[in-house]
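Analysis of the macromolecular model
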Amino acid sequence: MTDATRRRPSLFARRSWGETSRISAILRRETVGGALLLVGALLALVWSNSPWSEGYQSLRDLTVGPASLHLDLSLATWAADGLLAIFFFVAGLELKREFVAGDLRDPRRAAVPVAAAAGGVAVPALIYTAIAAGAGGGAAKGWAIPTATDIAFALAVLAVVGRFLPSALRTFLLTLAVVDDLLAIVIIAVFYTTDLSVLPLLGALVPLAIFGLLVQRRVRSWWLLLPLAAVTWVLVHESGVHATVAGVLLAFTVPVLRSESAGGPDAGPGLAEHFEHRFRPLSAGIAVPIFAFLSAGVTVGGLAGLVTALTDRVALGIVVGLVLGKPIGILAATWLVSRFTRADLDEGLNWLDVLGLSLLGGIGFTVSLLIGELAFGLGSERDDHVKVAVLAGSLLSALLATVILRARSRFYRRVHEIEQIDQDRDGVPDVFETPTDGTAGR
């Protein structure tokens, strides 16, 4: 093999041990959250289709909160606007860390997940628009529903069928989902903001700036930070911008690296990682499952009701967008990056592996449900069709991904065994101590 051949860039190359360990810890927590999410969604579906379905609707519509602050909201709205703000805060922390200290700081490594995420948004949106065109009732507003990837749900599937998936592919899936979250945030802020009030939005900058100043000084006192975060959320909510955006804005102010006075970047985790450790269990274990429980409940109405829902062109566009659009967009964008950079897949991998990951990208549960509510209104007939379609599309994507990943399970197991060997017993598997793609394991 010539030097020129060895220097050719590699897609899905193994990362450093430090980065692999960090991402593995995140994925374990998200896997537990994904299981809880599925439990919450299943409970909602069973209850809403039982003889006691009115109790579920009454619970979801129960209004709590001070009317004087325009916060007399239903529990379902509190879950979508409030609890998902925690989810997007954690997503924002992870996104900033990826850009400052993770794979996304290197344009060459960032190219693949960024392009894949963009393709996974554009193609489903185009497919949905083509299918739902002319359906009436504001059907076009739902174009963004099939563009999201639910990392918790996807990892719950991986926990069952892809436990030995190589670390590089897991890293790609997480990074893809992080970029996907950023695109979802932008879409929600730009396309699903109605009746914008400028003064509350400008007012939100004051507590946001104070919060940012405190965290830049590495202040961790919850009794200072939480009230400022709450005021920022209230003002963003009052402005007409979806309140979850406040979570992302707050996360972007948090420093990723340690200050020089605290030892600098090499002295250990920064404040962003500290907050992420604190809030990720709250997001994955409480916020997202409760949102799933209060949002996934839909009265299907038996086989006839299911057929009626899925023959709605909006629902059909969502299912096709998730099951076909997502994998086509992700796979095509990844292939184009490979083509134009002349990069090869890492040794042993093939495009069947990328297809399996792309199908996992079609699991669009949490954010898809949120966008459906924003597009058509919580509790509307079309919103019910959206829920049926998101559930059907996500489950079908999961089943197809299972078939593909199972077909490669023997290869994944061999790679996993190699990644566990530590003959010198230094705590770092030997394969991560060998330079990969120009980067040595640390």
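Structure shown above.
Below or above, wherever it landed, is the structure these notes cover. Everything numeric here is computed off the predicted structure, so don't read it as measured data. (Residues numbered from 1 in each chain as written. Predicted model: local features only at pLDDT ≥ 70, side-chain atom pairs only at ≥ 80, totals over all residues. Heavy atoms only, no water.)

1. Brief notes about the nonpolar core
- Grouped together as the largest cluster of nonpolar side chains are 91 residues, with contacts concentrated most on Phe 12, Phe 88, Ile 318, Leu 360 and Phe 365.
- Broken down by element, the residue count for this core peaks at 13 residues, all from helix H7 (residues 167-191).
- The residues contacting Leu 360, other than those within four sequence positions of it, are Thr 149, Ala 154, Val 157, Leu 158, Leu 173, Ala 401 and Leu 405.
- If you look at the next biggest cluster of nonpolar residues, it comprises 18 residues, including Leu 208, Val 215, Leu 228 and Ala 251. (Core = buried A, V, L, I, M, F, W, Y, C linked by side-chain atoms within 4.5 Å. Buried < 20%, exposed > 50% of the residue type's maximum accessible area, 1.4 Å probe, protein only. Helix = DSSP H or I, 4+ residues; strand = E, 2+ residues; numbered from the N terminus. Contact = heavy atoms within 4.5 Å.)

2. Topic: the pattern of salt bridges
- All chains considered together, the criterion is met by 7 salt bridges.
- Among the ionic pairs, Lys 326 bridges to Asp 180, the shortest N-O distance being 2.7 Å. One end of the pair, Lys 326, is in helix H13 (residues 313-341); the other, Asp 180, is in helix H7, with 146 residues separating them in the sequence.
- By sharing partners, the salt bridges in this structure join Glu 94, Glu 276 and Arg 280 into a single network. (Salt bridge = Lys/Arg side-chain N within 4 Å of Asp/Glu carboxyl O.)

3. Overview of the side chain of Thr 149
- Along the polypeptide, Thr 149 turns up in the loop between helix H5 (107-132) and helix H6 (151-161).
- You can call Thr 149 buried: its relative accessible area is 4%.
- At 2.8 Å, the side chain of Thr 149 forms a polar contact with the backbone oxygen of Gly 361.
- Once you skip the residues sitting within four places of it in the chain, Thr 149 turns out to touch Asp 180, Asp 181, Lys 326, Leu 360, Gly 361, Ile 363 and Gly 364. (Polar contact = N/O pair within 3.5 Å; in protein donor to acceptor, adjacent residues only side chain to side chain.)

4. Considerations on a nonpolar patch on the surface
- The grouping of Leu 196, Val 198, Leu 199, Leu 201, Leu 202 and Leu 205 at the surface amounts to a nonpolar patch, some 580 Å² of accessible area in total.
- Examined against the element boundaries, Leu 201 turns out to sit in helix H8 (residues 198-216). (Patch = residues over 30% accessible without salt bridge, like charges linked within 9 Å, V, L, I, M, F, W, Y side chains within 5 Å. Areas by Shrake-Rupley, 256 points an atom, 1.4 Å probe, with all protein chains shown as cover.)

Such coordinate-based values are descriptive only and should not be taken to indicate function.
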